[in-house]
Amino acid sequence: MSDMAIEANSRPGIERGYRLQWEPAQNAHVLLYPEGMIKLNGSAGEIMKRCDGATTIADITADLERAFATTNLSADVLRFVHMALEKKWLQIRP
Amino acid sequence: MAANPSLNDSAPPRPGPPRPGPPLWLLLELTYRCPLHCAFCYNPTDFAGTGAELATEDWLRVLREARALGAVQLGLSGGEPLTRDDLEPIVEEAHRLGFYINLITSGVGLSEARLGALKQAGLDHIQLSFQDSSKQMNDFLSSTRTFELKSKVAALIKQYDYPMVLNVVLHRLNIDHVEEILEMALRFGADYVELANTQYYGWAWHNREQLLPSRDQVERAERTMQRFRERVGKQMQIFFVVPDYFESRPKPCMKGLGSIFLTISPDGTALPCHAARMLPGLDFPNVRSASIEEIWYRTESFNHFRGDAWMKEPCRSCPEKTRDFGGCRCQAYLMTGDAANADPVCDLSPHHHLVTAAVARADRPDAAAQLDAGEKPLVFRSERNSSTLFPKRDGI
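These notes cover the structure that comes with them.

## Regarding the overall build of chain B
In step 1: In terms of regular secondary structure, chain B is built from 16 helices and nine strands.
In step 2: Taken over C-alpha atoms, the radius of gyration comes to 21 Å for chain B, in line with the 21 Å a tight globule of 396 residues would show.
In step 3: Projected onto its principal axes, the C-alpha positions of chain B cover 60 × 55 × 50 Å.
In step 4: Relative to its full complement of 396 residues, chain B shows a buried share of 59%.
In step 5: If you take every contact in chain B between residues at least 6 apart in sequence, the share linking residues at least 24 apart comes to 73%.
In step 6: Taken as a whole, chain B presents about 16,200 Å² of accessible surface, with 54% of it coming from carbon and sulfur.
In step 7: Seen as two clouds, the 44 positive and the 50 negative side-chain charges of chain B have centres 1 Å apart.

Here is the structure:
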């Protein structure tokens, strides 16, 4: 799905076979996948946990801006989603 | 806003006697029983002489204790884990605890009924092994008739909507079939293919002369894999685990013993790596008599190779020691007789010639012919071979 154009109304979700969960022992969100684990930093975790396959990137961005009382996150979010699609952490179902 | 992920296992060890992080990766070798007889198996050659397997309740307790410490990735392996008829309750408990559960299997014993039950219990992922691309070679290399059965299991895995991960261990006798192996994987609809060159422990170590490919074979396989990767793109991800004998720096084995990996072997012996039982002078604890917390944080055998106080030269003063931790302790022990030596794969090791000599023997033009002539037959992993050829614990 990585070549698909990502738009503000795309709805990214966690890739099949991957699981995102909060790990108290690591004080972080981790992404679990076949024989692998990635510890996400705070901002990556915050974006990923909003990627439920139903919420648009625009809404994810707005929610993050609200939660962290900031603005202008859309380029960062898009860049992250693009990278995560490349790495197959996220998918966008057509 | 920096949104770059960081790999959690890349942090360099702290100086001094380090308090390790939690055992993030837990591997349960549920049994040494296996319907296959692969000559490249890394299980100990004397497995037939190990003690009784843990009971279901012991495995469940191990899961609970390890998860409480922070373990999160779980491998269920063996032997063939499907030979345990309590695999389903083990998976169920692991899932309830929040583990990400990988079943590492030959596929033998994975009926549709069992797969359905495992899915229901919360199994996350299945890694299916093949020995080669053709019925004839697969069945020869595993010393069984299992190719067709495995092909059926591959279809079942798709049917139950699991990502399909195929694992093929490469060696001298099948590495020339990489193209056919990848074609087979593509036909099955595999999402990931792991082409893992043999690592020489256990039965593979015993059979090393017959299994080690020539450099030419390795390079051809890598080129073939590369071409294939370009052709199929992202629909199938291909991992090629390089054979470390052809490298000049060792692998960062287990990210250092006792840093993130914990293996529990069938009889309950806890190990910092599934091959570590061979290491002499370390009295590895057993989960029957110690808690995971005690084992991980407070036993001499787990502490021994933590940090770098155990290192000898050239590792001790080497700037790369925080990257590769001196390589593999088991390989150092097997090849040099001292587990504290540098992994001889490293070209800074005074024992590196042992590796280059093995590679040179594999490169001899007549090597293939000699092997074909059956000069030194492959010894297949079996209960019978284990008890007759390796009756006493030889640690290998």
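## Quick look at the interface of chain B and chain A
In step 1: In this complex, chain B contributes 31 residues to the contact, which on the side of chain A involves 29 residues.
In step 2: Interface of chain B and chain A: buried area, both sides summed, is about 2,600 Å²; carbon and sulfur atoms make up 53% of it.
In step 3: For the pair chain B and chain A, the number of links is five salt bridges.
In step 4: Notably, a salt bridge pairs arginine 16 of chain A with aspartate 191 of chain B, separated by 3.4 Å at the nearest N-O pair.
In step 5: At the junction of chain B with chain A, the criterion picks out 13 residue pairs in polar contact (both at pLDDT 80 or more).
In step 6: Of all the secondary-structure elements, those providing two or more residues to the side of chain B that touches chain A are α1 (56–69), β3 (100–105), β4 (125–130) and β6 (192–197) of chain B.
In step 7: Of the residues contributing to the side of chain B that touches chain A, the split by class is 15 nonpolar, 10 polar and six charged.

## Considerations on the sheet that holds β4 of chain B
Residue and element names in this part refer to chain B.
In step 1: A sheet is described by the order of its strands in space; here nine strands give the open sequence β7-β6-β5-β4-β3-β2-β1-β8-β9, paired in mixed fashion. The two strands at the open ends of the sheet, each matched to only one other strand, are β7 (237–241) and β9 (270–271).
In step 2: Sheet topology note: the strand β5 (residues 164–170)/β6 ladder contains six bridges and is parallel. The partner of valine 168 across the bridge, within β6, is leucine 195.
In step 3: Contacts from helix α6 (residues 178–188) reach β4, β5, β6 and β7, with the element oriented near 165 degrees to β5.

What counts and how
Residues numbered from 1 in each chain as written. Chains lettered and ligands numbered in written order. Predicted model: local features only at pLDDT ≥ 70, side-chain atom pairs only at ≥ 80, totals over all residues. Heavy atoms only, no water. Helix = DSSP H or I, 4+ residues; strand = E, 2+ residues; numbered from the N terminus. Rg over C-alpha atoms; globule rule 2.2 N^0.38 Å. Buried < 20%, exposed > 50% of the residue type's maximum accessible area, 1.4 Å probe, protein only. Contact = heavy atoms within 4.5 Å. Areas by Shrake-Rupley, 256 points an atom, 1.4 Å probe, with all protein chains shown as cover. Lys, Arg positive; Asp, Glu negative; His and termini not counted. Charge placed at Lys NZ, Arg CZ, Asp CG, Glu CD. Buried area = accessible area lost by both parts, 1.4 Å probe. Salt bridge = Lys/Arg side-chain N within 4 Å of Asp/Glu carboxyl O. Polar contact = N/O pair within 3.5 Å; in protein donor to acceptor, adjacent residues only side chain to side chain. Nonpolar A, V, L, I, M, F, W, Y, C, P; charged D, E, K, R; others polar. Pairing = 2+ DSSP bridges. Axes fitted to C-alpha atoms, helices over the stretch in contact; angles between N-to-C directions.

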